[in-house]
Amino acid sequence: MMGYDTLLFTGSDDWEMVVTALREERVVVTKDSQIMKRGVITSGRLKAVLITSDEPEQQMKQVIETLDLDCQFRPFSICLECNQPLVERSKEDVEKLVPPHVFQAQEQYVECPVCHRIYWKGTHWQAMTRKIENFMKKP
Ligand SMILES: [Zn+2]
């Protein structure tokens, strides 16, 4: 949602996740405190964040604060489903693809090249962007 390249690890072998994270220079974001005890993480070789809250907004806030995520902040530049950079589409391109009330109201559209989902800067987009910006405001 914030425009960061992410990968959901769905396997059962933690080591596979660690190897992937090291190879692809990723940060592990987890609720599993056992993973945090691994040498590769305690030594600092692999960066990891142990999520403490069960509440999604608090989890997001913790990730933003811990990793100091603001330098690359590009909200909704990557498909939420496919992790692929979104491509700009003209209003004419999407006329048949979005609901008429959206077409009437919105000027800017982007499309996922993989799943072809169309995104637009509607009220949900605006609300989420505001929320994320608030999280990033330093006290
Ligand atoms: Zn997609």
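Just above, that's the structure.
Treat the numbers as computed from the prediction; the structure is a model and nothing was measured.

## Comments concerning the coordination of the zinc ion
Okay, step 1: Looking at the zinc ion, one finds its protein donor set to be Cys79 (SG), Cys82 (SG), Cys112 (SG) and Cys115 (SG), positioned 2.3 to 2.4 Å from the metal centre.
Okay, step 2: Taken in sequence order, the residues that donate to the zinc ion follow the motif C-x2-C-x29-C-x2-C. Of the two residues, Cys82 is situated in the loop between helix 3 (56–67) and strand 3 (87–89) and Cys115 in the loop between strand 4 (109–111) and strand 5 (118–120); the sequence distance between them amounts to 33 residues.
Okay, step 3: Assessed through its relative accessible area of 23%, Cys82 is described here as partly exposed.
Okay, step 4: Take Cys115: its relative accessible area is 31%, and that puts it in the partly exposed class.

## Focus on the nonpolar core
What tends to happen in soluble globular proteins is that the nonpolar side chains get buried as a cluster.
Okay, step 1: Met2, Tyr4, Val49, Ile51, Met60, Val63, Ile64, Leu67, Leu69, Ile132, Phe135 and Met136 form the largest nonpolar core, which has 12 residues in total.
Okay, step 2: Of all the elements in the fold, those that place two or more residues in this core are helix 3 and helix 5 (123–136).
Okay, step 3: Each residue touching Ile64, except ones within four places of it in the same chain, is listed here: Met2, Leu69, Ile132, Phe135 and Met136.
Okay, step 4: Judged by nonpolar contacts, the second largest core, of 10 residues, contains Met17, Val28, Val40 and Leu46.

Criteria and thresholds
Once a new chain begins, its residue numbering starts again from 1 and follows that chain's sequence as written. Local features are withheld for residues below a pLDDT of 70 in this predicted model, meaning they are given only at 70 or higher, and side-chain atom pairs are given and counted only at 80 or more; totals for whole chains, interfaces and linings count all residues. Where side-chain values are given, they derive from all heavy atoms of the structure, hydrogens and water being excluded. Think of the donor list as every N, O and S atom within 2.8 Å of the metal, or within 3.2 Å for Na, K and Ca; water never makes the list, so a site can look incomplete. Secondary structure counts use DSSP, requiring at least four H or I residues in a row for a helix and at least two E residues in a row for a strand, with both numbered from the N terminus. Each residue is placed in one exposure class: buried if its accessible area under a 1.4 Å probe, protein chains only, is under 20% of its type's maximum, exposed if it is over 50%, and partly exposed if it falls in between. Think of a nonpolar core as a cluster: buried Ala, Val, Leu, Ile, Met, Phe, Trp, Tyr and Cys residues, connected wherever their side-chain atoms sit within 4.5 Å. Residues count as neighbours in contact if any of their non-hydrogen atoms are within 4.5 Å of one another.

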